[in-house]
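Now for the letters of each chain:
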Amino acid sequence: MPKMKTHSSLKDRFKITGTGKVRRYKAGMNHFLSHKSQRRKRVLKSNPVMTAGDVRRMKQQLSNLK
């Protein structure tokens, strides 16, 4: 049986915390930042924890990340 591989596109988009929670990144912080307000950029900077329903789906695809 071959090893389970991590889904390559998800490696950079999600991080698994030390307690096993999955953090995601928000879209919209890469370019065109000059016309966005400070508040909008500050809110986009946060990395929220994914909900439990989504985590179950992601754990299999992120199986080898720590």
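- By the naming in an unreviewed UniProt entry, the protein is Large ribosomal subunit protein bL35, taken from Paenibacillus apiarius.
- UniProt, in the comment section headed Sequence similarities (unreviewed entry), describes the protein in these words: "Belongs to the bacterial ribosomal protein bL35 family."

## What to know about the overall build of the protein
Part 1 of the reasoning: In terms of regular secondary structure, the protein is built from two helices and two strands.
Part 2 of the reasoning: Of the regular secondary structure in the protein, the N- to C-terminal order runs β-β-α-α.
Part 3 of the reasoning: Taken along its principal axes, the extent of the C-alpha atoms in the protein is 50 × 20 × 20 Å.
Part 4 of the reasoning: The buried share of the protein, reckoned over its 66 residues, is 18%.
Part 5 of the reasoning: Considering only intrachain contacts with a sequence separation of at least 6, the fraction spanning at least 24 residues in the protein is 56%.
Part 6 of the reasoning: Summing over all exposed atoms, the protein offers an accessible surface of approximately 5,700 Å²; the carbon and sulfur share of this is 53%.

## Remarks on the side chain of Lys41
Part 1 of the reasoning: Mapped onto the secondary structure, Lys41 falls in helix H1 (residues 38-45).
Part 2 of the reasoning: No salt bridge forms around the buried Lys41; measuring N to O, its nearest opposite-charge neighbour Asp12 is 24 Å away.
Part 3 of the reasoning: At 3.3 Å, the side chain of Lys41 forms a polar contact with the backbone oxygen of Leu33.

## Things to note about the nonpolar core
Part 1 of the reasoning: Counting residues in each nonpolar core, the largest one holds eight residues, listed as Leu10, Phe14, Ile16, Val22, Met50, Val55, Met58 and Leu62.
Part 2 of the reasoning: Among the elements of the structure, strand E1 (14-16) and helix H2 (52-61) are those that each provide at least two residues to this core.
Part 3 of the reasoning: Apart from residues lying up to four places away in sequence, Leu10 is in contact with Met58, Gln61 and Leu62.

## Topic: the confidence of the model for the protein
Part 1 of the reasoning: Of the residues in the protein, 97% reach a pLDDT of 70 or more, and the chain-wide mean stands at 87.
Part 2 of the reasoning: When pLDDT is averaged over each helix and strand of the protein, the minimum, 83, is found for H2 and the maximum, 96, for H1.

## Overview of the environment of Gln38
Part 1 of the reasoning: Within the fold, Gln38 resides in helix H1.
Part 2 of the reasoning: Using a relative accessible area of 58% as the deciding quantity, one classes Gln38 as exposed.

About the criteria used
Residues numbered from 1 in each chain as written. Predicted model: local features only at pLDDT ≥ 70, side-chain atom pairs only at ≥ 80, totals over all residues. Heavy atoms only, no water. UniProt positions renumbered as here; feature names shortened; annotations may be inferred. Helix = DSSP H or I, 4+ residues; strand = E, 2+ residues; numbered from the N terminus. Buried < 20%, exposed > 50% of the residue type's maximum accessible area, 1.4 Å probe, protein only. Contact = heavy atoms within 4.5 Å. Areas by Shrake-Rupley, 256 points an atom, 1.4 Å probe, with all protein chains shown as cover. Lys, Arg positive; Asp, Glu negative; His and termini not counted. Salt bridge = Lys/Arg side-chain N within 4 Å of Asp/Glu carboxyl O. Polar contact = N/O pair within 3.5 Å; in protein donor to acceptor, adjacent residues only side chain to side chain. Core = buried A, V, L, I, M, F, W, Y, C linked by side-chain atoms within 4.5 Å. pLDDT = per-residue confidence, 0-100.

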